[in-house]
Amino acid sequence: MDTRLLFLISCFIARLSFSLSASGELNSFESVPDLEKSMYTIVDGYPCVRLLNLSGEIGCSNPGHGKVAAPVVKFKNVNQLVEPSAILVSLDELDSLLARVSKDTNFASLVAGILVESGTPGGNNFKGFSPELKFPEAEFAPYQNKNFEWNPSGSGIMWKAYNFPVFLLSENSTLALLEAATKNEKSKKSYTSDVAEFGLVMQTTKSGTHDSESCLREETCLPLGGYSVWSALPPINTSTPQKSKPIILAVTSMDSASFFRDKSLGADSPISGLISLLAAVDALSHLNGLHLSKQLVFVVFTGEAWGFLGSRRFLLELDQHSDAVSGLDFTLIETVLEIGSVGKSFDQGVKKFFVHTTEAASISNQTLDALKRAQDSLKTENVKISVASKSNPGIPPSSLMMFLRKNPDSSGIVLEDFDTAFTNKFYHSHLDNLSNINASAIAAASSLVARSLYILASEKNEINDSVLTAISVNSSFIDELLGCLLDCEPGLSCDLVNQYISSSAACPSHYVGVIQGEPSSSPYPGYVGDVSRFLWNFLADKTSVPTENRSATCPKHCSGTGELCIRGETDGKGVCVISSTRYVPAYSTRLKFESDMWKLLPTNSSDIMGDADPVWTESNWDTITLRVYSVQHASYDRLILLLGIAVTVAAYIAIVITRSVIRKALKRD
């Protein structure tokens, strides 16, 4: 009888505790996942991650080896923190929050993590958001003035190290976290609070490898990098002893950067330039019987946002005459035409572009003349070209800088939508998205580039207005590319991309990523990013000539000189074409892949940019998570424990007394 009574009392206590915790609600769960789903809210977000260089670390990471959980509070309502907290902050307050963290060590010690609300701040006081420096990659500039402010909106916050996690929230997650913070404010005297749990554990933090040299040695990181792509129009025949033609090199880049790793769209900088070049290649490919006196070569670099990885590696491959650049010769490059940020050149109906030139006057003037003639041929499109201000210290941050560092006499121009400072107020920010650019400006730039390249590569007596007019850019094609490269719908699952590759993800992000496996001019497709694979197939298609056997499928029947297999991912068969299109690995010139691991090379006197090379790497990690759930305060748990002990003791005393009374009553009977 005593045992049964104790059991019933224990059940009563357990039921009482459950009722208090659940606030009177009764839930039934069919499985453990159902229980977890009711307890935890998974938060969609984009993390700031840990990056390393030879000098140390930047970016974000949990401070220790495990997850971090803390109650959610709003930054605007916080004067002082009394306990570790997850701070919910609007984007326009982020700079001031991080500035306070860097100055106030006591405050910083209680920051468990930062949650950044989605959306673009409004109001007249918001002047832009750029986590970049005011002079991006100044250490690579081929001139002395390193303090010039090309990027006035730059705060430089992405180049600092933070020993706590930082996430950019999605729109839905922002609403959920605002609700959690508001709930915590209203229930300060309650026994529960909503906490955010950060799972941003970096392998370099766990292993204590805090720079690129040590983390590469311990294999807790990988080098930043990927694959650049180049192509020639028409294809270069390397099997004949014909005299090589001078090269007109048209370049742009495909990668951007952001404080938040997977939210690096770079719509204006640099994707507007990329789309402009692709549309120009498409327009030139439709010219019948294209006969050029000079060789057109198109190059799309990756890794330019991280120490110009693509262009520096491309120039090194040229020096080494590697297979990746077979058919190209640096000494034959007559001029470089780089297409930079061109998506914001639309001003009161006029598309205004600025030409930034090198000091090699004669050839640069020829390029400028070609651009002006192309401008004149676009009579009805309100296009205006101006030479950039002479007060500028030189050309803006661009791949052309690397050509000048290699050879100060290199000729080239950079076509931009700004004169003395970026017009893009969201440079290297997640806000540099589709809404930040104008499609008609990109179309105008593309028309300028296509016609200028034709003028530069042709004999003067063969150029006439009728031919220039025939070089027509397809605006619908530009609109399609914008949807493919800068939006999630349709994103990389769009029809255009699906003609060439099977993408691994729909939502595009133009962060360079890490280079996997041994670098090669014929890499395993799984090690090449979606955008690089698309560009390789697209450029190979547009610059190709048909094979003699038009019905040949690949790769089985595609082994002739200059033959490539394109569209092989889509149907497993592909099409065989003749094209000079190649991948070029893009990674630090200070690194070498040897014995299945990366090794740091000593500085080389022949690599004049080697001393400035930061050697960027990215920390490994297992899984990045972010979730919100409710917890009971420790004081409430102690209260429940004491209450349970008191009830148990009281129950035991009651049992003893009851048993004694019953025994006495039985004796009387």
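One structure accompanies this document, and this report is about it. (Residues numbered from 1 in each chain as written. Predicted model: local features only at pLDDT ≥ 70, side-chain atom pairs only at ≥ 80, totals over all residues. Heavy atoms only, no water.)

A word on empty space enclosed by the protein
Enumeration according to the criterion identifies two cavities of 30 Å³ or more in this entry. Per-class residue counts for the lining of the largest cavity are eight nonpolar, nine polar and five charged. Roughly 110 Å³ of internal volume is contained in the second largest cavity. As for the second largest cavity, its lining consists of C48, V49, L51, I58, G59, M158, S258, F259, F260, R261, W306 and Y511. Its residues placed into classes, the lining of the second largest cavity shows nine nonpolar, two polar and one charged. (1 Å grid on protein atoms, 1.4 Å probe; cavity = no way out; pocket = protein on both sides within 12 Å on 5 of 7 lines; lining within 4 Å. Points joined across faces, edges and corners; volume = space filled by probe spheres on them. Nonpolar A, V, L, I, M, F, W, Y, C, P; charged D, E, K, R; others polar.)

Let's talk about unusual backbone geometry
Residues other than glycine predominantly adopt negative phi, and peptide bonds predominantly adopt the trans conformation. A cis amide bond links L233 with the next residue in sequence, P234, at an omega value of -10 degrees. For P234, the location among the structural elements is in the loop between β12 (226-233) and β13 (247-253). Cis geometry is adopted by the peptide bond preceding P270, which originates at S269 and carries an omega value of 15 degrees. Note that P270 resides in helix α8 (residues 267-285). (Helix = DSSP H or I, 4+ residues; strand = E, 2+ residues; numbered from the N terminus.)

Some thoughts on the sheet that holds strand β8 (residues 161-162)
Backbone-to-backbone hydrogen bonds pair the strands of a sheet. The strands run either parallel or antiparallel. Taken in spatial order, the five strands line up as β8-β4-β3-β26-β11 in an open sheet, and their pairing is mixed. Two strands close off the open sheet at either side, each with one partner strand: β8 and β11 (221-223). Relative to strand β26 (residues 617-619), β11 runs antiparallel, the two sharing three bridges. When the bridges of β26 are listed, C221 appears paired with S619. (Pairing = 2+ DSSP bridges.)

Describing the sheet that holds strand β22 (residues 575-578)
Reading across the sheet, the three strands line up as β20-β22-β21 and stay open at both edges, with antiparallel pairing between neighbours. Edge positions in the sheet fall to β20 (545-546) and β21 (563-566), since each of these pairs with one other strand and no more. The pairing of β20 with β22 spans two bridges and is classified as antiparallel. In the sheet register, V545 faces β22, and the bridge partner there is I578. Each of β21 and β22 is contacted by helix α16 (residues 530-542), which is oriented at about 125 degrees to β21, the strand it contacts most. (Contact = heavy atoms within 4.5 Å. Axes fitted to C-alpha atoms, helices over the stretch in contact; angles between N-to-C directions.)

Here we look at the packing of α8 against helix α14 (residues 475-486)
At a minimum axis separation of 10 Å, α8 and α14 run at an interaxial angle of 140 degrees. Put simply, α8 runs oblique to α14. Seen along the crossing, α8 lies across α14 with a hand that is right-handed. Contact residues: A267, I271, L274, I275, L278, A279 and D282 in α8; F477, I478, L481, L482, L485 and L486 in α14. Broken down by class, the residue content of the contact of α8 with α14 amounts to twelve nonpolar, no polar and one charged. (Parallel < 35°, antiparallel > 145°, perpendicular 65-115°, else oblique. Left-handed = near helix turned anticlockwise from the far one by under 90°.)

As for helix α9 (residues 309-320)
The end-to-end C-alpha distance of α9, which contains twelve residues, comes to 16 Å, matching closely the 16 Å that a straight helix rising 1.5 Å per residue would cover. In terms of burial, α9 is largely enclosed, as nine of its twelve residues are buried. Those residues of α9 that fall on the buried side of the exposure criterion are L309, G310, S311, R312, R313, F314, L315, E317 and L318. Against the buried residues of α9 lie β12, β14 (295-301), β15 (333-339), α11 (400-406), β23 (581-586) and β24 (591-594). Just beyond α9, the residue with positive phi is H321, at close to 50 degrees. (Expected span 1.5 Å × (residues − 1). Buried < 20%, exposed > 50% of the residue type's maximum accessible area, 1.4 Å probe, protein only.)

Concerning the packing of helix α12 (residues 439-457) against α14
Packing of α12 against α14 leaves a shortest axis separation of 10 Å and a crossing angle of 120 degrees. With respect to their mutual orientation, α12 and α14 come out oblique. Seen along the crossing, α12 lies across α14 with a hand that is right-handed. Every residue of α14 that contacts α12 at A439, I442, A443 and S446 is listed here: I478, D479 and L482. In the contact of α12 with α14, the residues fall into five nonpolar, one polar and one charged.

Some remarks on a positive patch on the surface
Positive charge collects at one region of the surface, where R663, K664, K667 and R668 lie side by side. By secondary structure assignment, the location of K664 is in helix α18 (residues 634-668). For K664, a relative accessible area of 51% translates into the label exposed. (Patch = residues over 30% accessible without salt bridge, like charges linked within 9 Å, V, L, I, M, F, W, Y side chains within 5 Å. Areas by Shrake-Rupley, 256 points an atom, 1.4 Å probe, with all protein chains shown as cover. Salt bridge = Lys/Arg side-chain N within 4 Å of Asp/Glu carboxyl O. Lys, Arg positive; Asp, Glu negative; His and termini not counted. Charge placed at Lys NZ, Arg CZ, Asp CG, Glu CD.)

Some thoughts on a nonpolar patch on the surface
On the surface, L641, L642, I645, V649, Y652, I653, V656, I657 and V661 cluster together to form a nonpolar patch covering roughly 850 Å² of accessible area. Residue placement: I657 occurs in helix α18.

Here's the deal with the state of the cysteines
The bond known as a disulfide is covalent and runs between the sulfur atoms of two cysteines. Using the criterion set out here, one finds four disulfides in the structure. Here C215 pairs with C221 through a disulfide, and the sulfurs are 2.0 Å apart. Because the sign of the S-S torsion sets the handedness, a value of about 80 degrees for the bond joining C215 and C221 places this disulfide among the right-handed ones. Paired through a disulfide, C488 and C507 show a sulfur-sulfur distance of 2.0 Å. In this structure, the disulfide formed by C488 and C507 twists by about 125 degrees around the S-S bond and is classed as right-handed. Residue C488 is located in the loop between α14 and α15 (495-498), and its partner C507 is located in the loop between α15 and α16; the two are separated by 19 residues in the primary sequence. In this structure C488 comes out as partly exposed when scored by relative accessible area, which is 36%. (Disulfide = S-S within 2.5 Å.)

Side note on the side chain of D432
Tracing the backbone shows D432 in the loop between β19 (412-416) and α12. No salt bridge is formed by the buried D432; its nearest oppositely charged neighbour, K344, is found at 7.0 Å. Side-chain polar atoms of D432 contact the side chain of N436, separated by 2.9 Å. (Polar contact = N/O pair within 3.5 Å; in protein donor to acceptor, adjacent residues only side chain to side chain.)

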